[in-house]
Amino acid sequence: MTFKTPDLCDEFEAELGKTVRVVAPMFQRYGGRSSFSGEIVTLKIFEDNSLVREAFGENGKGKVLVIDGGGSLRCALVGDQLAILARKNGWEGVVVYGCIRDSGDINGIDIGVRALNTHPQKSIKKGVGDRNIAVTFGGVTFNPGEYVYADEDGVLVSSKTLC
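Residues numbered from 1 in each chain as written. Predicted model: local features only at pLDDT ≥ 70, side-chain atom pairs only at ≥ 80, totals over all residues. Heavy atoms only, no water.

Engineer: How do you make sense of the overall build of the protein when you look at a structure like this?
Structural biologist: In terms of helices and strands, the protein carries 4 helices and 12 strands. Relative to its length of 163 residues, the protein is compact, with a C-alpha radius of gyration of 14 Å against a globular reference of 15 Å. Counting only C-alpha atoms and orienting by the principal axes, one finds that the protein spans roughly 45 × 30 × 25 Å. Looking at the protein residue by residue over its 163 residues, the buried ones come to 51%. The contacts of the protein with a sequence gap of at least 6 include a subset with a gap of at least 24, amounting to 74%. A distance of 6 Å separates the average location of the 19 positive side-chain charges in the protein from that of its 21 negative side-chain charges. (Helix = DSSP H or I, 4+ residues; strand = E, 2+ residues; numbered from the N terminus. Rg over C-alpha atoms; globule rule 2.2 N^0.38 Å. Buried < 20%, exposed > 50% of the residue type's maximum accessible area, 1.4 Å probe, protein only. Contact = heavy atoms within 4.5 Å. Lys, Arg positive; Asp, Glu negative; His and termini not counted. Charge placed at Lys NZ, Arg CZ, Asp CG, Glu CD.)

Engineer: Could you clarify how one ought to interpret helix α3 (residues 80–88) in this entry?
Structural biologist: Those residues of α3 that sit buried are Asp80, Leu82, Ala83, Leu85 and Ala86. Buried residues along α3 sit in contact with α2 (50–56), β5 (76–78) and α4 (103–106). Of the residues one or two after α3, Gly90 is the one with positive phi, at around 85 degrees.

Rendered as structure tokens:
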């Protein structure tokens, strides 16, 4: 699927702020895919990436994992091994409201990644967090089952498929 977020904003201008929402420009681009889209699966975690491994271990065909990591800049929630697992299981991408690590290696993996920044330290692993609940960051609420579109110009969330 080929798309450009500016074109989607133009095409769905009447729906901006309603069914189509623009995420604040806060993310860095990583991963081998400059653009990606898919159905949203959410996690709400804090400095514990146990649920990330569980999610990426499942079939992710046509899906994007949206991780609300509380904006923590104290550890990484996704590293190269998790990115490899995600790619192996067909995930389109991941949006991390937090940090990743192994960015050089992740940039060579065919998956889309958006994150606040990088951090060399791994997270704790206690298995704590919530899955498939609405999460809010970047001025937008991400609801499970909605759709995310990310490219070089930004990130959009839509309650319906746009292309």
